[in-house]
Amino acid sequence: MSKFYPLTVAKVKHETRDAIAVTFEVPPDLKDTFAYRQGQHLTLRAMIEGEDVRRSYSICSAVQDDLLRVAIKRTPGGMFSSWANESLQPGATLDVMPPMGHFNVPLDAASERHYLAFAAGSGITPILSIIKTTLQAEPKSRFTLVYGNRASSTVIFRDELTDLKDQYMDRLRLVYVMSREQQDIELFNGRITEEKCGQFLQRWIDIRDIDVAFICGPEDMMHGVSRSLQAAGLAKEKIRIELFAASIPKHEHKPRQIEAGARHQTEVTVIMDGNAASFTMDKDKESLLDAGLRAGIDMRYSCKGGVCSTCRCKVLEGEVEMDVNYALEDYEVARGFVLSCQSFPVTDKVIVDFDIAE
Ligand SMILES: Cc1cc2nc3c(=O)[nH]c(=O)nc-3n(C[C@H](O)[C@H](O)[C@H](O)COP(=O)(O)OP(=O)(O)OC[C@H]3O[C@@H](n4cnc5c(N)ncnc54)[C@H](O)[C@@H]3O)c2cc1C
Ligand code: FES
């Protein structure tokens with residue numbers, strides 16, 4: 001499960017000055033391993049300046065495309081995204097972990113739903129996959145996309161969206177919101193905020209008609225839009241969000257007081273790929289992930305910041321406390337899923353399983 005596979009880069013397309021779309025060649029024997037659901041992401045790994053750098057990138061192709069493609073937007077000063085935008089060429093090999101993530105809903109050809117999506121900047125990446133896949137898989141469903149950018153020149157996948165609009169004239173509604181380029185309709189100018197979303201809901205979008213909403217973009221935009229949708233009457237369970245969160249500062253763990261007389265150490269068992277491995281760790285010095293890696297277990301991770309969910313596992317026995325969680329939905333936490341990079345054992349024995357997906 002933690003395994004990286006070397007995949008060859010088949011194509012690098014410069015979508016804008018600061019964003020590339022990268023298509024991977026998937027050999028026939030890895031087709032099943034890299035089969036994905038719309039909205040999932042890949043963890044990519046590269047050695048950059050002697051450092052093992054791992055980052056998550058959302059798949060932007062449709063499930064039906066028989067293609068594995070991600071888009072990488074350069075973050076100013078960002079290590080992986082700058083390296084990829086400057087150096088990645090067709091023929092290069094990258095280490096890629098199989099697709100992960102839950103930013104999607106099950107599709108059904110008989111459904112007749114109206115989906116809504118708010119995307120900003122590189123947040124379009126998983127949304128494009130979701131739109132393309134859904135419109136093909138559910139012939140009676142519709143999609144409305146509100147897509148925020150600074151100006152036309154920074155719009156990733158503009159041509160592809162135009163083609164989609166032509167193909168699904170009656171089923172895809174597409175609205176561009178620009179913050180630094182004046183458009184005729186005032187509503188379409190500015191940034192996507194809670195207030196702007198509220199204006200869309202008053203004038204353009206009937207919330208009673210919406211079955212599911214997807215949001216992907218900067219953190220403040222996502223929370224603002226989510227609040228606005230809920231205030232208009234959309235149930236929280238119908239709102240799916242995906243946080244990219246390069247901007248979230250790394251969290252510093254604050255040690256807990258361990259009760260007098262209580263054991264300071266925990267016996268941890270990690271189940272992965274059907275095998276169990278055990279180690280002993282201090283309850284509050286390092287996360288379960290760091291302790292496991294130190295014990296020589298090849299546990300999977302990417303951000304180590306509670307954002308990407310690559311390190312997700314299920315607690316089968318015992319209890320852990322999570323520091324931060326930007327990745328798991330409430331229902332996953334209720335079912336016992338945790339982020340191992342954020343988890344610190346509370347009980348003297350903990351068993352976690354990385355093989356359980358749902
Ligand atoms: C589930 C998921 C899906 C994602 N999908 C996509 C996608 O489809 N497309 C996409 O482009 N991105 C996506 N991301 C974001 C991506 O994973 C990276 O976070 C992003 O590309 C930035 O990585 P980087 O290595 O370039 O930047 P980093 O080197 O990680 O830097 C990030 C930020 O921190 C700042 N920084 C770096 N080092 C320091 C320092 N020492 N002190 C202060 N500040 C510093 C940088 O200036 C930058 O602003 C996704 C993230 C997640 C979690
Ligand atoms: S490694 Fe990203 S959430 Fe734990």
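Residues numbered from 1 in each chain as written. Chains lettered and ligands numbered in written order. Predicted model: local features only at pLDDT ≥ 70, side-chain atom pairs only at ≥ 80, totals over all residues. Heavy atoms only, no water.

A. Quick look at the sheet that holds strand 5 (residues 68-73). With respect to topology, six strands assemble into an open sheet ordered 4-3-6-1-2-5, the strand pairing being antiparallel. Each of the sheet's edge strands pairs with one partner strand only, and the pair in question is strand 4 (51-58) and strand 5. On average, adjacent strands in this sheet sit at an angle of 40 degrees to one another, irrespective of strand direction. Both strand 1 (residues 5-16) and strand 6 (residues 93-100) contribute to a ladder of four bridges, which runs antiparallel. Residue Y5 lies in a different strand from strand 6, and its bridge partner there is V96. (Pairing = 2+ DSSP bridges. Helix = DSSP H or I, 4+ residues; strand = E, 2+ residues; numbered from the N terminus. Axes fitted to C-alpha atoms, helices over the stretch in contact; angles between N-to-C directions.)

B. Quick look at the pattern of salt bridges. Summed over the entire model, instances satisfying the criterion amount to 25 salt bridges. Among the ionic pairs, R54 bridges to D52, the shortest N-O distance being 3.2 Å. Overall, D52 belongs to the partly exposed group, its relative accessible area being 34%. Each of D65, R69, K132 and E160 takes part in a single network of salt bridges with overlapping partners. (Salt bridge = Lys/Arg side-chain N within 4 Å of Asp/Glu carboxyl O. Buried < 20%, exposed > 50% of the residue type's maximum accessible area, 1.4 Å probe, protein only.)

C. Quick look at the pairing of strand 18 (residues 349-353). Taken across its five residues, strand 18 has four buried, putting it largely inside the fold. Where strand 12 (residues 265-272) and strand 18 come together, five bridges link them in parallel fashion. Pairing of T269 across the sheet is with I351, part of strand 18. In terms of strand pairing, strand 14 (residues 312-317) meets strand 18 through three bridges, oriented antiparallel. Bridging across to strand 18, K314 finds its partner in D353.

D. Representation of the domain arrangement of the chain. When cut into domains, the chain gives domain 1 (5-100), domain 2 (114-247) and domain 3 (265-353). For domain 2 and domain 3, the distance between their C-alpha centres works out to 34 Å. Contact with domain 2, which involves six residues of that partner, is made by five residues of domain 3. Across the domain 2 to domain 3 interface the summed buried area is about 390 Å²; carbon plus sulfur atoms make up 42%. For domain 2, the biggest contributors to the area lost against domain 3 are K236, R240 and L243; these three give 66% of the whole. Inspection of the domain 2/domain 3 interface yields two salt bridges. Note that D330 and K236 form a salt bridge whose closest N and O atoms lie 3.2 Å from each other. At the boundary of domain 2 and domain 3, one finds two residue pairs in polar contact (both at pLDDT 80 or more). Residues that form the side of domain 2 that touches domain 3 fall into these classes: three nonpolar, no polar and three charged. (Domains from an automatic or database assignment. Contact = heavy atoms within 4.5 Å. Buried area = accessible area lost by both parts, 1.4 Å probe. Polar contact = N/O pair within 3.5 Å; in protein donor to acceptor, adjacent residues only side chain to side chain. Nonpolar A, V, L, I, M, F, W, Y, C, P; charged D, E, K, R; others polar.)

E. View of the environment of L68. Here L68 shows up in strand 5. Separated by 213 residues in the primary sequence, L68 and M281 have C-alpha atoms spaced 39 Å apart. Not counting residues up to four positions away in its chain, the partners in contact with L68 are L7, V22, T23, F24, V26, F34, Y36, L42, I59 and S61.

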